[in-house]
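# Descriptive analysis of the structure
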Amino acid sequence: MGDRRPVIAGNWKMYKTGKEAVEFIDDLNELIAGVMDVEIVVAPPFTALPLVAKRIKGGPVRLAAQDLHWEPEGAYTGEISPKMLLDAGCSHVIVGHSERREYFGDTNAIVSRKIKAALAENLIPVFCIGESLEEREAEKTFSVLDKQMSEGLETIDSNDVKKIIIAYEPVWAIGTGRTASNEQAQEVHSFIRRYLTDRHGEEVGNIVRILYGGSVKPENIAGLMAAADIDGALVGGASLTASVFARIVNFPYLL
Ligand code: PGA
């Protein structure tokens, strides 16, 4: 992990009403009371953001949205702008999640615009990349990731790349219960870090946190976190229950 502060982020996807979200946060706040040196982020659906923002005020939990539009405002029915996310209390935003790429047409070019728009408002993008099973089996993992990073970060200045959090999420490991092994994940994370160092310089390579995502649970977090280039996790299913998510956040005590 080096000097990089670990991040544990929960992606709630399309789960939880406002009431359920508030109950979750009240439970979580108690369960993480003693946790130090871990950046804790939750990403509720849009409708719960302001309610959660109120509940986490003054505490260690940070708020992320799951997506954003790249324009500050305009005639884009159904969309949410970076400014609106700030207004709702967000500090982070997930960009390019594989479900957005698969079901909602988010291409690398769109992802790039979204990253730029988030950074322009000082929102920290959690930039998701990852290969499908087919791509892994065809030994295209590294070329797919290279393309996702080079196109996704194409117009982003190295000084801004520094602020981004990257989440490596192999699509075949998301929601399947099939986690990448610690070695498989570390191999890819070190590739990503090398890419950042080569393209954006040593400082960027050293600073950027690279999270692993895909069936992370309390049982496998400690092993993943022990890997040199894994700086945290983006957690889906296991982030929906406060007691389970809190066990992941408490990973330093499992090491
Ligand atoms: P999962 O989802 O933990 O349920 O596999 C991870 C994600 O989609 O971010």
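Preceding this section is the structure that the text describes.
Structural notes, computed from the coordinates. Please read all numbers here as calculations on a predicted model, not as lab measurements.

Cut-offs applied
Residues numbered from 1 in each chain as written. Predicted model: local features only at pLDDT ≥ 70, side-chain atom pairs only at ≥ 80, totals over all residues. Heavy atoms only, no water. Axes fitted to C-alpha atoms, helices over the stretch in contact; angles between N-to-C directions. Helix = DSSP H or I, 4+ residues; strand = E, 2+ residues; numbered from the N terminus. Left-handed = near helix turned anticlockwise from the far one by under 90°. Contact = heavy atoms within 4.5 Å. Nonpolar A, V, L, I, M, F, W, Y, C, P; charged D, E, K, R; others polar. Parallel < 35°, antiparallel > 145°, perpendicular 65-115°, else oblique. Core = buried A, V, L, I, M, F, W, Y, C linked by side-chain atoms within 4.5 Å. Buried < 20%, exposed > 50% of the residue type's maximum accessible area, 1.4 Å probe, protein only. Salt bridge = Lys/Arg side-chain N within 4 Å of Asp/Glu carboxyl O. Pairing = 2+ DSSP bridges. Arc of directions from axis to C-beta. Near = heavy atom within 4 Å. Polar contact = N/O pair within 3.5 Å; in protein donor to acceptor, adjacent residues only side chain to side chain. Areas by Shrake-Rupley, 256 points an atom, 1.4 Å probe, with all protein chains shown as cover.

## Description of the packing of helix α1 (residues 18-31) against helix α12 (residues 242-249)
- Look at α1 against α12: their axes get within 9 Å of each other, and the N-to-C directions meet at 35°. For the crossing formed where α1 meets α12, the hand is right-handed. Side by side, α1 and α12 meet where Phe-24, Asp-27, Leu-28 and Leu-31 of the first sit next to Ala-242, Ser-243, Phe-245 and Ala-246 of the second.
- The class makeup of the residues in the contact of α1 with α12 is 6 nonpolar, 1 polar and 1 charged.

## Some words on the packing of α1 against helix α2 (residues 49-56)
- Packing of α1 against α2 leaves a shortest axis separation of 9 Å and a crossing angle of 20°. Put simply, α1 runs roughly parallel to α2. Crossing hand, α1 versus α2: right-handed. In this structure, α1 contributes Gly-18, Ala-21, Val-22, Ile-25, Asp-26 and Asn-29 to the contact, and α2 contributes Leu-51, Val-52, Arg-55 and Ile-56.
- The residue inventory of the contact of α1 with α2, partitioned by class, reads 6 nonpolar, 2 polar and 2 charged.

## Description of the nonpolar core
- Ranked by size, the top nonpolar core spans 69 residues in total, and within it Ile-8, Val-42, Ile-166 and Ile-192 carry the most contacts.
- If you tally residues by element for this core, the top one is helix α9 (residues 182-200), at 6 residues.
- With residues near it in sequence (within four places) discarded, Ile-166 still touches Phe-127, Ile-129, Met-149, Ile-192, Leu-196, Val-208, Arg-209, Ile-210 and Leu-211.
- Membership of the second largest hydrophobic core comes to 12 residues, among which are Val-7, Ala-9, Val-126 and Leu-234.

## As for the pattern of salt bridges
- Taken as a whole and assessed by the stated rule, the structure comprises 19 salt bridges.
- One salt bridge in this structure joins Arg-209 and Glu-39, with 3.2 Å as the shortest N-O distance. Taken together, the residues Arg-209 in the loop between α10 (202-207) and β7 (210-213) and Glu-39 in strand β2 (residues 39-43) connect sequence positions 170 residues apart. The pair Arg-209 / Glu-39 is uniform in exposure class, with both members buried.
- Where Arg-199 meets Asp-146, a salt bridge forms, and the shortest distance between an N and an O atom there is 3.7 Å. Placement of Arg-199 in helix α9 and of Asp-146 in helix α7 (residues 141-152) is noted, with a sequence separation of 53 residues between them.
- Under the relative-accessibility criterion, Arg-199 is labelled partly exposed at 47%.

## Looking at the sheet that holds strand β5 (residues 124-129)
- With parallel pairing, 8 strands are arranged side by side around a closed barrel as β1-β2-β3-β4-β5-β6-β7-β8. Ignoring strand direction, the axes of neighbouring strands in this sheet form an average angle of 25°.
- Bridging between β7 and strand β8 (residues 232-235) involves 2 bridges; their strand directions are parallel. Its bridge partner being in β8, Tyr-212 is matched across the sheet by Ala-233.

## Side note on the side chain of Asn-220
- Tracing the chain through its elements places Asn-220 in helix α11 (residues 218-225).
- Residue class for Asn-220 comes out buried when judged on its relative accessible area of 14%.
- Non-local contacts of Asn-220, meaning those with residues more than four positions away in its chain, are made with Thr-179 and Ser-215.

## A look at α12
- Along α12, the residues that are buried comprise Ala-242, Phe-245, Ala-246, Ile-248 and Val-249. The buried side chains of α12 occupy one side of the element, clustering within an arc of 155° when seen end-on.

## Thoughts on the site of the ligand
- Lys-13, His-97, Glu-169, Gly-175 and Ser-215 are the nearest of the 13 residues found near the ligand.
- A distance of 2.7 Å separates an oxygen atom of the ligand from a polar atom in the side chain of His-97.
- In this structure, an oxygen atom belonging to the ligand sits 2.8 Å away from a main-chain N or O atom of Gly-237.
- Protein coverage of the free-state accessible area of the ligand, which is 280 Å², stands at 95%.
- Here the residues of the shell around the ligand sort into 4 nonpolar, 7 polar and 2 charged.

On their own, these measurements won't tell you what the molecule is for.
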